[in-house]
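Close look at the chain arrangement
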Amino acid sequence: DEAIANNERPTVYRGEGTIDIATDASAWGWGAIVHDGRDGSIRQYSRPWSEADRALINTHSSVDAEPEAIWRALCMAIKPSDKCSVHIRSDNVAAVAMIRRKYSAAFKINGIAARIEKQFPNVVLSAEHVKGSCNDADGLSRGEPKAVAGVIFPAIANDRDPLV
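One structure accompanies this document, and this report is about it. All values reported here derive from a predicted model rather than from experimental measurement. (Residues numbered from 1 in each chain as written. Predicted model: local features only at pLDDT ≥ 70, side-chain atom pairs only at ≥ 80, totals over all residues. Heavy atoms only, no water.)

Observations concerning the packing of helix α2 (residues 62–77) against helix α3 (residues 93–101)
We count it as follows: Orientation is described by axes fitted as lines to C-alpha atoms, over the contacting stretch for helices, and by angles from 0 to 180 degrees between their N-to-C directions. Each helix corresponds to a stretch of at least 4 residues labelled H or I by DSSP, and each strand to a stretch of at least 2 residues labelled E; elements are numbered beginning at the N terminus. Roughly parallel means an angle under 35 degrees; roughly antiparallel, over 145; roughly perpendicular, 65 to 115; everything else is oblique. Less than a right angle of anticlockwise turn of the near helix away from the far helix marks a crossing as left-handed, whereas a clockwise turn marks it as right-handed. For this analysis, residues touch if any pair of their heavy atoms sits within 4.5 Å. Following the grouping adopted for this structure description, the nonpolar residues are Ala, Val, Leu, Ile, Met, Phe, Trp, Tyr, Cys and Pro, the charged ones are Asp, Glu, Lys and Arg, and the polar ones are all others, Gly among them.
Two elements in contact, α2 and α3, have axes separated by 8 Å at closest approach and are oriented at 50°. As judged from the angle between their axes, α2 and α3 are oblique. Of the two elements, α2 crosses α3, and the hand of that crossing is right-handed. Residue-level contacts link Glu 66, Pro 67 and Ile 70 of α2 to Ala 95, Met 98 and Ile 99 of α3. Residues belonging to the contact of α2 with α3 are distributed by class as follows: five nonpolar, no polar and one charged.

Here it is in structure tokens:
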């Protein structure tokens, strides 16, 4: 997908009690929008990759960077002791598969899956693939200005990924 300005994107939130996290990663860094159905809050994160990150992660590869973005978003959004449901939206098929299966055949991604399982044993995770053009966190992963000013995007079901 081409880089998209941080314009309004259609989002469907799952409702009360669920934490919805849209994540994305780019060569610049990672971003996430967290809609916490437990208290109704919306939080945003946008962080550049550090030099140490770049030494450990191939930040130019979405296969490596996207699962790392999910890990970091989870660490920012919830506590290890939380008992909750978290729904991840990502435009990366490998990252979505990692969440759904709780493992990956790829060594690095499997390491992230193991970290998630160990750090958040009481969290029920689900994931869906969204088109890059519908990924709310796209601009945040590129260091663009914040995407939301306390409002929830309108739900437009037609723009959801038809492959899911």
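Still more to cover.
Remarks on the nonpolar core
Just so we agree on the cut-off: Nine residue types can take part in a nonpolar core, namely buried Ala, Val, Leu, Ile, Met, Phe, Trp, Tyr and Cys, and a core is a set of them joined through side-chain atoms within 4.5 Å. For every residue, the accessible area (1.4 Å probe, protein chains only) is compared with the maximum for its type, and the residue is labelled buried under 20%, exposed over 50%, or partly exposed between those bounds.
Ile 21, Ile 70, Leu 74, Ile 78, Val 86, Met 98 and Ile 116 are the most contacted members of the largest nonpolar core, which has 31 residues in total. When contributions to this core are tallied by element, the ones reaching two or more residues are β1 (18–25), β2 (29–36), α2, β4 (84–90), α3, α4 (107–119) and β5 (123–129). Of all the elements, α2 adds the most residues to this core, at seven residues. In contact with Ile 78, other than residues within four places in its own chain, are Ile 19, Arg 38, Cys 84, Val 86, Phe 120 and Val 123.

Considerations on the sheet that holds β5
The cut-off we apply is this: Paired strands, as defined in this entry, are two strands with at least two bridges between them according to DSSP.
Read from one edge to the other, the open sheet built from five strands follows the order β3-β2-β1-β4-β5, with strand pairing classed as mixed. Looking at which strands have only one partner, the edges of the open sheet turn out to be β3 (41–48) and β5. Each adjacent strand pair in this sheet contributes to an overall mean axis angle of 20°, direction not counted. The pairing of β4 with β5 spans seven bridges and is classified as parallel.

Some points on the pairing of β2
Of all eight residues that make up β2, eight are buried, and the element is covered over most of its length. In β2, alternate side chains face the same way, and those of Gly 29, Gly 31, Ile 33 and His 35 on one face and Trp 30, Ala 32, Val 34 and Asp 36 on the other are all buried. Where β1 meets β2, seven bridges bridge the pair, whose relative direction is antiparallel. Bridged to Asp 24 within β2 is Gly 31. Hairpin remark: β1 followed by β2, antiparallel, with three residues in the connecting loop.

Regarding the environment of Arg 142
Considering the arrangement of structural elements, one finds Arg 142 in the segment after β5. The class for Arg 142 is partly exposed, based on a relative accessible area of 29%. Distance in space between the C-alpha atoms of Arg 142 and Gly 29 is 6.2 Å, their sequence separation being 113 residues.

A closer look at the pattern of salt bridges
Let me state the cut-off plainly: The term salt bridge refers to a side-chain nitrogen of Lys or Arg lying within 4 Å of a carboxyl oxygen of Asp or Glu.
Evaluation of the coordinates by the stated rule reveals nine salt bridges. Note that Asp 36 is salt-bridged to Arg 38, the shortest N-O span being 2.9 Å. On the accessibility criterion, Asp 36 (3% relative accessible area) is buried. By relative accessible area, which is 39% here, Arg 38 ends up partly exposed. The partner of Arg 142 in a salt bridge is Asp 138, and the shortest N-O contact between them spans 3.1 Å. Among the ionic contacts, a cluster of salt bridges with common partners joins Asp 36, Arg 38, Arg 43 and Asp 82.

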